[in-house]
Amino acid sequence: MALVFSTKYQPPHPLLENWEAWQRIKEKFFGYHRDLLPEEIAQRLGGTIAYSKEQNGQWVAVIAVER
């Protein structure tokens, strides 16, 4: 099992999201990174999502991994 969660609030429609210069500034000065989505994490781990919940721009998921 893996418990995964978002590391920061993601607004539904960020104002400057598609502006490359703003992305570089956030990365350089604020350590910004894009969280992987639960589906992406499950795929990388070779597991399936057993539970997930999203609320107010953040999410949490439990991923079942068979080894």
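The structure displayed is predicted, hence computed values, not measured ones.

Can you explain the environment of Asn-56? Please cite residues and give values.
Note on placement: Asn-56 falls in the loop between β2 (47-55) and β3 (58-65). Sequence-wise, Asn-56 and Leu-36 are 20 residues apart; in three dimensions their C-alpha atoms are separated by 17 Å.

Tell me about the nonpolar core, residues and numbers included.
Ala-2, Val-4, Ile-41, Ala-42, Trp-59, Ala-61 and Ile-63 together form the largest nonpolar core, which totals 7 residues. With 3 residues, β3 is the single largest residue contributor to this core. Excluding anything up to four places from it in sequence, Val-4 contacts Ile-41, Trp-59, Val-60, Ala-61 and Ile-63.

How would you summarise the layout of surface pockets if you had to cite specific residues and measurements?
The calculated volume of the largest pocket comes to roughly 300 Å³. Lining the largest pocket we find 18 residues, and of these Gln-10, Leu-37, Glu-54, Gly-57 and Trp-59 sit closest to its centre. Classifying every residue of the lining of the largest pocket by side-chain character gives 6 nonpolar, 5 polar and 7 charged.

Lay out the pattern of salt bridges with the relevant residues and their values.
A full pass over the atoms with the stated rule returns 2 salt bridges. A salt bridge links Asp-35 to Lys-8, with the nearest nitrogen and oxygen atoms 3.3 Å apart. One end of the pair, Asp-35, is in the loop between α1 (20-30) and α2 (38-45); the other, Lys-8, is in the loop between β1 (2-5) and α1, and 27 residues separate them in sequence. Judged by its relative accessible area of 18%, Lys-8 is buried. Between Glu-40 and Arg-34 there is a salt bridge, with its nearest N and O atoms 3.6 Å apart.

Any chance you could break down the pairing of β1 for me, citing the residues and the numbers?
Side chains Ala-2 and Val-4 project from β1 onto a buried face, and the interleaved Leu-3 and Phe-5 project onto a face without burial. Bridge analysis of β1 against β3 gives 4 bridges, and the strand direction is antiparallel. The partner of Phe-5 across the bridge, within β3, is Val-60.

An account of the sheet that holds β3 is requested, with residue identities and associated values reported.
Read from one edge of the open sheet, 3 strands run β1-β3-β2, paired in antiparallel fashion. If you trace the sheet from one side to the other, it starts and ends with β1 and β2, each paired once. Each neighbouring strand pair of the sheet contributes to a mean axis angle of 15°, computed without reference to strand direction.

Basis of the calculations
- Per chain, residue numbering runs from 1 following the sequence as it is written.
- Two thresholds apply to this predicted model, a pLDDT of at least 70 for residue-level local features and 80 or more for giving and counting side-chain atom pairs, whereas whole-chain, interface and lining totals are computed over all residues.
- With hydrogens and water stripped out, all remaining heavy atoms of the structure feed into the side-chain values.
- The helix count covers DSSP runs of H or I at least four residues long, the strand count covers runs of E at least two residues long, and both are numbered beginning at the N terminus.
- In this text, buried Ala, Val, Leu, Ile, Met, Phe, Trp, Tyr and Cys residues form a nonpolar core when linked through side-chain atoms within 4.5 Å.
- Only protein chains enter the accessibility calculation, which uses a 1.4 Å probe; a residue is then buried when its area is under 20% of its type maximum, exposed when over 50%, and partly exposed in between.
- Two residues form a contact once any of their heavy atoms are found within 4.5 Å.
- Grid points spaced at 1 Å and placed over the protein atoms alone form the basis of the search, with a cavity being a set where a 1.4 Å probe fits but cannot get out and a pocket an open set showing protein on both sides within 12 Å along at least five of seven lines. Lining residues have an atom within 4 Å of a point.
- Grid points are joined across faces, edges and corners, and a volume is the space filled by probe spheres set on the points.
- Residues are grouped as follows: Ala, Val, Leu, Ile, Met, Phe, Trp, Tyr, Cys and Pro are nonpolar; Asp, Glu, Lys and Arg are charged; all remaining types, including Gly, are polar.
- Just to be clear on terms, a salt bridge is a Lys or Arg side-chain nitrogen sitting within 4 Å of an Asp or Glu carboxyl oxygen.
- By the convention used here, strands pair only if DSSP detects at least 2 bridges between them.
- Between N-to-C directions, angles span 0 to 180 degrees; the directions come from axes that are lines fitted to C-alpha atoms, helices contributing only their stretch in contact.

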